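Below are the chains, spelled out letter by letter.
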Amino acid sequence: GLPALYPLVAAAGAAARRLLDRQAEAESELAEEQGRAAAEAERARLARDMHDSLAKTVSGIGFAALALSRRIERDPRSAADEARRLAEDARQATREAREIIVGLRAEAGEALPLSSALATQAQAWAEETGVDLSLAIEEVGDLHPQTARELEWILAEALANCRRHARAAKVGVRLRRLGARAVLTVVDDGVGF
């Protein structure tokens, strides 16, 4: 009777093998799809980062350069001030491009916690500009990486606006948790709108 079971065992083994092969193929396809989705998400993040920072800065430089050519004839002194602002905006665009590139190169484990990253960013800005800075940065826990990155860009843009437009002597940066949300507040004593 035992030899009669051999064909049954062989058939069961072949069926199990086919099932394992199909499972391995499905897992491989799933891994490939997840890789494609991750690459697409990274492309979308990079496009957002470039649009939200670099593209806007470069576009502003272009508009200001057009206005500068007309201003040179009417008010040379004001044009010289505007040319200096344009040069600073070009340096800012360079910094933003470097930040994007560094962000692409950074390993996930190398990133600073959000509170440390924002404090470092604000302190570097204050040292560069000489503006008095007040920091109140709290730990807000783990946020989605995209949310944390967007908060960094928001802070960078707010501080850049303080420099360009507000002519502020004091700037305050506060990060806190409010329920399930992280709230970033930037205030200055500048001229306003």
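The structure this text deals with has already been given above.
Residues numbered from 1 in each chain as written. Predicted model: local features only at pLDDT ≥ 70, side-chain atom pairs only at ≥ 80, totals over all residues. Heavy atoms only, no water.

(A) Inspection of the nonpolar core at higher detail. Counting 18 residues, the largest nonpolar core has Leu114, Trp125, Leu155, Leu159, Val171, Val173 and Leu184 as the members making the most contacts within it. Looking at this core, the elements with two or more residues in it are α3 (114-129), α4 (145-166) and β2 (170-178). Considering each element in turn, this core owes the most residues, 6 residues, to α4. With sequence-adjacent residues up to four places away left out, Leu159 is seen in contact with Ala122, Trp125, Val171, Val173 and Val186. (Core = buried A, V, L, I, M, F, W, Y, C linked by side-chain atoms within 4.5 Å. Buried < 20%, exposed > 50% of the residue type's maximum accessible area, 1.4 Å probe, protein only. Helix = DSSP H or I, 4+ residues; strand = E, 2+ residues; numbered from the N terminus. Contact = heavy atoms within 4.5 Å.)

(B) Spatial organisation of the sheet that holds strand β1 (residues 132-137). With mixed pairing, the 3 strands of this open sheet are ordered in space as β1-β2-β3. If you trace the sheet from one side to the other, it starts and ends with β1 and β3 (181-188), each paired once. On average, each strand axis in the sheet is tilted by 10° relative to the strand beside it, whichever way the strands run. Pairing geometry for β1 and β2, over 6 bridges, is parallel. Across the sheet, the residue bridging to Leu135 is Val173, located in β2. Across the sheet, α3 lies against β1, β2 and β3, angled at about 175° from β1, the strand it touches most. Lying over the sheet, α4 contacts β2 and β3, oriented at roughly 10° with respect to β3. (Pairing = 2+ DSSP bridges. Axes fitted to C-alpha atoms, helices over the stretch in contact; angles between N-to-C directions.)

(C) Just unusual backbone geometry, in detail. Residues other than glycine seldom take positive phi values, yet Arg167 does so here, at roughly 50°. For Arg167, a relative accessible area of 64% gives the class exposed.

(D) Focus on the pattern of salt bridges. Under the defined criterion, the tally for this structure stands at 11 salt bridges. Salt-bridge contacts for Glu82 lead to Arg85; the nearest nitrogen and oxygen are separated by 2.7 Å. Pair noted here: Glu82 and Arg85 are both in helix α2 (residues 76-105), with a separation of 3 residues, about one helical turn. Using a relative accessible area of 14% as the deciding quantity, one classes Glu82 as buried. (Salt bridge = Lys/Arg side-chain N within 4 Å of Asp/Glu carboxyl O.)

(E) Representation of α3 in the model. Its 16 residues place the ends of α3 22 Å apart at the C-alpha level, agreeing with the 22 Å of an ideal helix rising 1.5 Å per residue. Those residues of α3 that fall on the buried side of the exposure criterion are Leu114, Ser115, Ala117, Leu118, Ala119, Ala122, Trp125 and Ala126. On its buried side, α3 packs onto β1, α4, β2 and β3. (Expected span 1.5 Å × (residues − 1).)

(F) Broad picture of the pairing of β3. Pairing geometry for β2 and β3, over 8 bridges, is antiparallel. Within β3, the residue paired with Leu175 across the bridge is Leu184. Taken together, β2 and the strand that follows it, β3, pair antiparallel across an intervening segment of 2 residues, in which Gly179 is found at a positive phi of about 65°.

(G) Broad picture of α4. With 22 residues, α4 extends 30 Å from end C-alpha to end C-alpha; this agrees with the ideal 32 Å at 1.5 Å per step. Buried residues of α4: Ala148, Arg149, Leu151, Trp153, Leu155, Ala156, Glu157, Leu159, Ala160, Cys162 and Ala166, and no others. Backbone geometry just after α4 places Arg167 at a positive phi near 50°.

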